[in-house]
Amino acid sequence: MHDFHYKNGELHCEGVPLSKIAAKHGTPAYVYSHTTIRSHFQKLDQALAALDHTICYAVKANSNLAVLRTIAKLGGGFDVVSKGEIERVVAAGGDHNRCLFAGVGKTEREIEFALHLGIHAFNAESEPELERINAAAKRLKKTAPISVRVNPNVDAKTHAKITTGTYENKFGIAFEQVKKVYAKAAKMSHLQIKGVQMHIGSQLTTAEPFEGAVKKLIPLVKDLKKRYGIKFFSIGGGLGIVYEPALESGNLTWWKKKEAASILTPQSYAERIVPMLEPLGLEILIEPGRFIAGNAGVLITRVEYVKRTGKKNFTIVDAAMNDLIRPAFYDAHHDIVALTKKGDTRINTDVVGPICEAGDYFCKDRPLQKVKEGDYLALLSAGAYSFVMASNYNSRPKPTEIMVKEKQFSIVRGRESAAELWSQEKVPSWLK
Ligand SMILES: *Cc1c(COP(=O)(O)O)cnc(C)c1O
């Protein structure tokens with residue numbers, strides 16, 4: 001569910017017509033619905049109510065301070081993967097003690113930073129990392145709270161670039177070796193074993209892989225509780241969202257119907273896993289990113305040219321792959337709709353950006369409402385892994401970000417200026 005809908009032929013985010021935002025703040029622009037973020041969080045929270053649980057939002061999905069602030073106010077924790085993300089959480093008024101620090105490549109500097117500040121736990125992904133954390137804690141005369149990421153070798157059946165829970169991946173410690181690794185960690189002087197973690201992949205659209213992985217880990221988790229008194233079991237993130245409702249009719253009511261029938265909801269997810277987790281008597285952490293933010297954002301863009309070649313139609317817009325790389329990177333589908341509905345004529349078109357790369361497209365040969373120069377389009381489901389992956393390729397300033405709450409909207413990140421793009425660059429004196 002989300003709060004983007006047509007009213008009198010105008011696409012609205014909550015109570016605000018997106019064309020009003022486009023007119024006031026220009027394009028390309030990301031627009032986020034505060035209410036959608038909140039309701040996704042609360043739906044998951046309610047579905048897991050039977051468990052002692054904490055939702056640790058995966059910051060990497062959308063790390064805008066206003067988004068993090070929204071999560072903090074809802075009582076969420078945070079799943080972070082870098083020092084920068086911890087600093088963002090703190091800057092947004094979140095609690096560093098509620099941060100879970102994941103990632104296979106934590107540097108010494110990052111570990112020391114997290115130890116100084118205090119975090120919920122490091123999710124360690126290898127033995128050398130445990131040794132490094134232990135040594136850093138010893139140097140700083142601290143005790144490091146840790147959990148180990150277990151790779152359960154379960155295929156999440158999702159896109160290859162977002163599958164993380166099989167032995168083909170760099171993530172976590174193989175299931176068969178985990179007990180040995182915990183035994184080693186227990187002998188390290190400056191570690192405190194706090195929990196165990198898994199995360200099998202992203203954009204999962206059925207509950208089976210989650211169920212399979214949890215089932216596989218339960219005996220291990222019980223054993224770890226008995227031996228080391230672990231306090232939490234983090235089951236990772238990965239809940240998928242509906243990207244592709246085949247919105248050819250441009251009718252968002254139909255979108256919602258499709259979504260209602262979709263396979264993975266917080267309820268269907270919880271029904272499968274809560275009965276297995278409840279008897280453990282542990283705090284259950286869950287690390288959703290996409291589920292919270294994905295359908296809470298759109299990218300709005302202006303049509304610059306409509307170009308017809310002999311064979312094809314191209315709609316050239318002012319957003320590009322540097323703003324939203326998911327189609328190029330993950331073959332991702334984003335529904336594209338006009339901000340203002342006009343008639344029912346549809347033509348097949350590619351929607352492309354201005355960048356000189358064949359990969360700079362948002363869709364190919366898709367039947368879309370006929371548009372002309374100056375019209376606006378919205379790329380839907382662009383709340384997660386979208387702005388955060390934006391780059392300045394082609395010296396394009398990153399788009400502005402706007403958050404809507406009911407009838408109010410505010411810039412939550414200003415549009416970059418050209419001068420900011422080279423503010424860190426210098427011409428050496430010997431070139432002058
Ligand atoms: C990316 C990531 C998540 C979030 O994944 P989503 O698919 O966005 O829910 C959670 N935990 C870890 C360790 C991650 O790397």
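A quick note: this is a predicted structure, and the numbers were derived from the prediction, not measured.

Trainee: I tried to follow unusual backbone geometry on my own but got confused; where do I start?
Mentor: When glycine is set aside, most residues are seen to have a negative phi, and most peptide bonds are trans. Residue Pro28 is reached from Thr27 by a cis peptide bond, and omega for that bond is -5°. Within the fold, Pro28 resides in the loop between α1 (18–25) and β4 (29–33). The phi dihedral of Gln203 is positive, around 55°, even though this residue is not glycine. Residue position: Gln203 is located in the loop between β11 (191–197) and α8 (208–228). Note on Gln203: relative accessible area 15%, which makes it buried.

Trainee: I keep staring at the site of the ligand and nothing clicks. Help me out?
Mentor: Near the ligand there are 15 residues, and of these Lys60, Ser202, Gly238, Glu287 and Tyr385 occur at the shortest range. A distance of 2.3 Å separates an oxygen atom of the ligand from a polar side-chain atom of Ser202. At a separation of 2.5 Å, an oxygen atom of the ligand approaches a polar side-chain atom of Tyr385. For the ligand, the protein covers 94% of the area, taking 390 Å² as the surface of the free molecule. Here the residues of the shell around the ligand are counted per class, giving four nonpolar, six polar and five charged.

Trainee: Could you clarify how one ought to interpret the side chain of Asp323 in this entry?
Mentor: Structurally, Asp323 is set in the loop between β15 (313–317) and α12 (326–330). Given a relative accessible area of 0%, Asp323 falls into the buried group. A polar atom in the side chain of Asp323 sits 2.8 Å from the side chain of Arg396. Setting aside chain neighbours within four positions, we find Asp323 in contact with Pro28, Tyr30, Leu299, Asp318, Ser386, Ala390, Arg396, Pro397 and Pro399.

Trainee: Looking at this model, I keep getting lost on the environment of Val67. Mind explaining?
Mentor: Residue position: Val67 is located in helix α3 (residues 65–73). For the pair Val67 and Lys43, spaced 24 residues apart in sequence, the C-alpha to C-alpha distance is 17 Å. Dropping the residues within four chain positions of it, Val67 is found in contact with Tyr32, Ile37, Tyr57, Asn62 and Met403.

Trainee: Would you mind showing me how to read the nonpolar core here?
Mentor: In summary, soluble globular proteins display a tendency toward joint burial of nonpolar side chains. Core analysis: the biggest nonpolar cluster contains 98 residues, and Tyr57, Phe122, Ile146, Phe233 and Ile235 have the highest contact counts within it. Both domain 1 (34–290) and domain 2 (296–421) contribute no fewer than three residues apiece to this core. Excluding anything up to four places from it in sequence, Tyr57 contacts Asn62, Val67, Leu68, Ile71, Gly77, Phe78, Asp79, Pro288, Gly289, Ile292 and Ala293. Core analysis: the second largest hydrophobic core is formed by 19 residues, Val31, Leu339, Ile402 and Val404 among them.

Trainee: Help me understand the packing of aromatic side chains, please; the structure alone is not making it clear to me.
Mentor: Geometry of an aromatic ring pair is reported as the spacing of the ring centres plus the angle between the planes. According to the stated counting rule, one finds six aromatic pairs in the structure shown. Measuring from centroid to centroid gives 6.0 Å for Tyr182 and Tyr228, while their planes differ by 20°, and the two rings are stacked. On the criterion of sequence distance, the pair formed by Tyr182 in helix α7 (residues 178–187) and Tyr228 in helix α8 is long-range, its members being 46 residues apart. Considering the side-chain rings of Phe210 and Tyr269, the 4.9 Å spacing of their centres and the 85° angle between planes classify their relative orientation as edge-to-face. Of the two residues, Phe210 is situated in helix α8 and Tyr269 in helix α10 (residues 266–277); the sequence distance between them amounts to 59 residues. For Phe210, a relative accessible area of 1% translates into the label buried. Tyr269 sits in the buried class, given a relative accessible area of 1%. Put simply, the rings of Tyr30, Tyr32 and Phe387 touch in pairs and so form one group of aromatic residues.

Trainee: Can you help me understand a positive patch on the surface in this one?
Mentor: Taken together, the side chains of Lys7, Lys20, Lys24 and Lys407 present a region of like positive charge at the surface. Looking at the element boundaries, Lys407 is found in the loop between β20 (400–405) and β21 (408–413). Since its relative accessible area comes to 67%, Lys407 is described here as exposed.

Trainee: I'm lost on the pattern of salt bridges in this one. Help?
Mentor: Opposite charge on two side chains permits pairing when their charged atoms draw close. Applying the stated rule across the entire model yields 17 salt bridges. The partner of Arg272 in a salt bridge is Glu208, and the shortest N-O contact between them spans 2.8 Å. One end of the pair, Arg272, is in helix α10; the other, Glu208, is in helix α8, and 64 residues separate them in sequence. Note on Glu208: relative accessible area 42%, which makes it partly exposed. A salt bridge links Arg227 to Asp223; the shortest N-O distance between them is 2.9 Å. Placement of the pair is Arg227 and Asp223 together in helix α8, with a separation of four residues, close to one helical turn. With a relative accessible area of 12%, Asp223 lands in the buried category. Within this structure, Lys179, Asp223 and Arg227 form a network of salt bridges that share partners.

Cut-off values and rules
Residues numbered from 1 in each chain as written. Predicted model: local features only at pLDDT ≥ 70, side-chain atom pairs only at ≥ 80, totals over all residues. Heavy atoms only, no water. Helix = DSSP H or I, 4+ residues; strand = E, 2+ residues; numbered from the N terminus. Buried < 20%, exposed > 50% of the residue type's maximum accessible area, 1.4 Å probe, protein only. Near = heavy atom within 4 Å. Polar contact = N/O pair within 3.5 Å; in protein donor to acceptor, adjacent residues only side chain to side chain. Areas by Shrake-Rupley, 256 points an atom, 1.4 Å probe, with all protein chains shown as cover. Nonpolar A, V, L, I, M, F, W, Y, C, P; charged D, E, K, R; others polar. Contact = heavy atoms within 4.5 Å. Core = buried A, V, L, I, M, F, W, Y, C linked by side-chain atoms within 4.5 Å. Domains from an automatic or database assignment. Phe/Tyr/Trp six-rings, centres within 6.5 Å; stacked < 30°, edge-to-face > 60°. Patch = residues over 30% accessible without salt bridge, like charges linked within 9 Å, V, L, I, M, F, W, Y side chains within 5 Å. Salt bridge = Lys/Arg side-chain N within 4 Å of Asp/Glu carboxyl O. Lys, Arg positive; Asp, Glu negative; His and termini not counted. Charge placed at Lys NZ, Arg CZ, Asp CG, Glu CD.

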